[in-house]
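Here is what each chain is made of, one letter per residue.
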Amino acid sequence: MASSTTDERQAAFSTAVALQLRQSRQRQHFTQSEVSTRTGGAISKAALANYETGHRSLRVEVFWALAKALGEDPGALFNAADRAVGYSIDGADGPVTVDIDEIMQSHDTRLAPVRRWFAMRLRASGARIAVRTIVLDGGAIAALAELMDVSHAECRDILAAASAPAVQTMSGSAHQVSPARTA
């Protein structure tokens with residue numbers, strides 16, 4: 001019986017990982033051919049289609065190449081898939097995932113220091129592939145809260161509200177990319 005439950009969880013997780021990859025590609029308006037090209041041709045369009053639909057299992061090196069071609073952090077994609085299937089729960093003090101594009105386009109004046117911080121950080125990183133989302137740990141949230149002159153909890157709420165439209169998955173959990181993986 002336990003094996004059946006484990007198999008079901010593994011299958012759900014595998015499907016969620018494929019969904020994370022497909023959603024990232026679609027959100028960035030990439031075709032499967034474009035992603036194939038971004039992998040240097042290591043992964044064909046047909047193979048990508050099979051990975052995205054679950055008809056072919058992802059090997060670690062294939063997953064890594066696809067995540068990098070999409071400008072995503074592999075660990076963050078795994079975490080998002082894990083949350084999407086309901087096996088992880090972020091605590092109130094856990095990291096916050098924000099969509100950089102949404103923050104940069106927000107008209108919320110409280111986010112002005114955050115927009116400056118992201119602009120400086122991305123410029124300094126020399127990112128070759130546009131990063132769409134970033135995970136902010138407790139230290140980053142505390143620093144941004146101080147810059148914004150708001151409480152830690154209010155900073156979390158403001159960031160989450162500004163990012164909410166763009167970081168939803170099928171179950172409503174956030175899609176994330178680590179700030180350490182911007183290149």
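Residues numbered from 1 in each chain as written. Predicted model: local features only at pLDDT ≥ 70, side-chain atom pairs only at ≥ 80, totals over all residues. Heavy atoms only, no water.

*Asks:* Looking at this structure, I do not really get the overall build of the chain. What am I missing?
*Replies:* Scanning the chain from terminus to terminus reveals nine helices and two strands. Looking at the chain as a whole, 42% of its 183 residues qualify as buried. Total accessible area on the chain is roughly 9500 Å²; 53% of this is exposed by carbon and sulfur atoms. (Helix = DSSP H or I, 4+ residues; strand = E, 2+ residues; numbered from the N terminus. Buried < 20%, exposed > 50% of the residue type's maximum accessible area, 1.4 Å probe, protein only. Areas by Shrake-Rupley, 256 points an atom, 1.4 Å probe, with all protein chains shown as cover.)

*Asks:* Sorry if this is basic, but what is going on with the pattern of salt bridges here?
*Replies:* Pairs can form between side chains of opposite charge whenever their charged atoms are close. Within this structure, the stated rule accounts for five salt bridges. Close ionic contact of arginine 25 with glutamate 52 constitutes a salt bridge, the shortest N to O distance being 2.6 Å. Here arginine 25 is found in helix α1 (residues 2–27), whereas its partner glutamate 52 is found in helix α3 (residues 45–53), with 27 residues between them in sequence. Grouping residues by exposure puts arginine 25 and glutamate 52 together as buried. A salt bridge links arginine 59 to glutamate 61, with the shortest nitrogen-to-oxygen separation between them at 2.7 Å. Taken together, the shared-partner salt bridges connect Asp108, Arg110 and Glu154 into one network. (Salt bridge = Lys/Arg side-chain N within 4 Å of Asp/Glu carboxyl O.)

*Asks:* Looking at this structure, I do not really get the packing of helix α8 (residues 138–148) against helix α9 (residues 152–163). What am I missing?
*Replies:* How two helices pack is summed up by the angle between their axes together with the distance between the axes. It is the contact of α8 with α9, at a shortest axis distance of 9 Å, that shows an interaxial angle of 95 degrees. The pairing of α8 with α9 is recorded here as roughly perpendicular in orientation. Together, Gly138, Ile141, Ala142, Leu144, Ala145 and Met148 of α8 and His152, Cys155, Arg156, Ile158 and Leu159 of α9 make up the contact between the two elements. Grouping the amino acids of the contact of α8 with α9 by side-chain chemistry returns eight nonpolar, two polar and one charged. (Axes fitted to C-alpha atoms, helices over the stretch in contact; angles between N-to-C directions. Parallel < 35°, antiparallel > 145°, perpendicular 65-115°, else oblique. Contact = heavy atoms within 4.5 Å. Nonpolar A, V, L, I, M, F, W, Y, C, P; charged D, E, K, R; others polar.)

*Asks:* Quick question: what am I supposed to make of α3 here?
*Replies:* One turn of an α-helix holds 3.6 residues; hence residues three or four places apart share an orientation. When α3 is considered as a whole, its buried residues turn out to be Ala47, Leu48, Tyr51 and Glu52. Along α3, the residues classed as buried sweep out an arc of 135 degrees about the axis, all on the same side. Count one or two residues on from α3 and you reach glycine 54, which has phi positive near 85 degrees. (Arc of directions from axis to C-beta.)

*Asks:* Is there a simple way to explain the layout of surface pockets in this structure?
*Replies:* One simple way to see leftover space: roll a probe sized like a water molecule over the atoms. As a volume, the second largest pocket reaches approximately 180 Å³. For the lining of the second largest pocket, the elements supplying multiple residues, two or more each, are α1 and α4 (60–69). The dominant element in the lining of the second largest pocket, judged by the number of residues it contributes, is α1, at four residues. Split into classes, the residues belonging to the lining of the second largest pocket amount to eight nonpolar, three polar and two charged. (1 Å grid on protein atoms, 1.4 Å probe; cavity = no way out; pocket = protein on both sides within 12 Å on 5 of 7 lines; lining within 4 Å. Points joined across faces, edges and corners; volume = space filled by probe spheres on them.)

*Asks:* Explain the pairing of strand β1 (residues 96–99) to me, please; I cannot follow it from the model alone.
*Replies:* Here is the key point about a regular strand: its side chains alternate between the two faces of the sheet. Because side chains alternate across β1, one face comprises the buried residues Val96 and Val98, and the other comprises Thr97 and Asp99, equally buried. The pairing of β1 with strand β2 (residues 133–136) spans four bridges and is antiparallel. Paired with valine 96 across the bridge in β2 is leucine 136. (Pairing = 2+ DSSP bridges.)

*Asks:* Quick question: what am I supposed to make of α8 here?
*Replies:* Listing the buried residues of α8 in full gives Ala140, Ile141, Leu144, Ala145 and Met148. Looking down the long axis of α8, one finds its buried residues gathered within 135 degrees of arc, a one-sided arrangement. Just downstream of α8 lies aspartate 149, where phi reads positive at about 60 degrees.

*Asks:* Any chance you could explain unusual backbone geometry here in plain terms?
*Replies:* Most of the time, phi is negative for any residue but glycine, and the peptide bond is trans. Residues other than glycine seldom take positive phi values, yet histidine 29 does so here, at roughly 60 degrees. By the element assignment, histidine 29 lies in the loop between α1 and α2 (32–38). Even without a glycine there, the phi angle at aspartate 149 is positive, about 60 degrees. Here aspartate 149 falls in the exposed class, since its relative accessible area comes to 70%.

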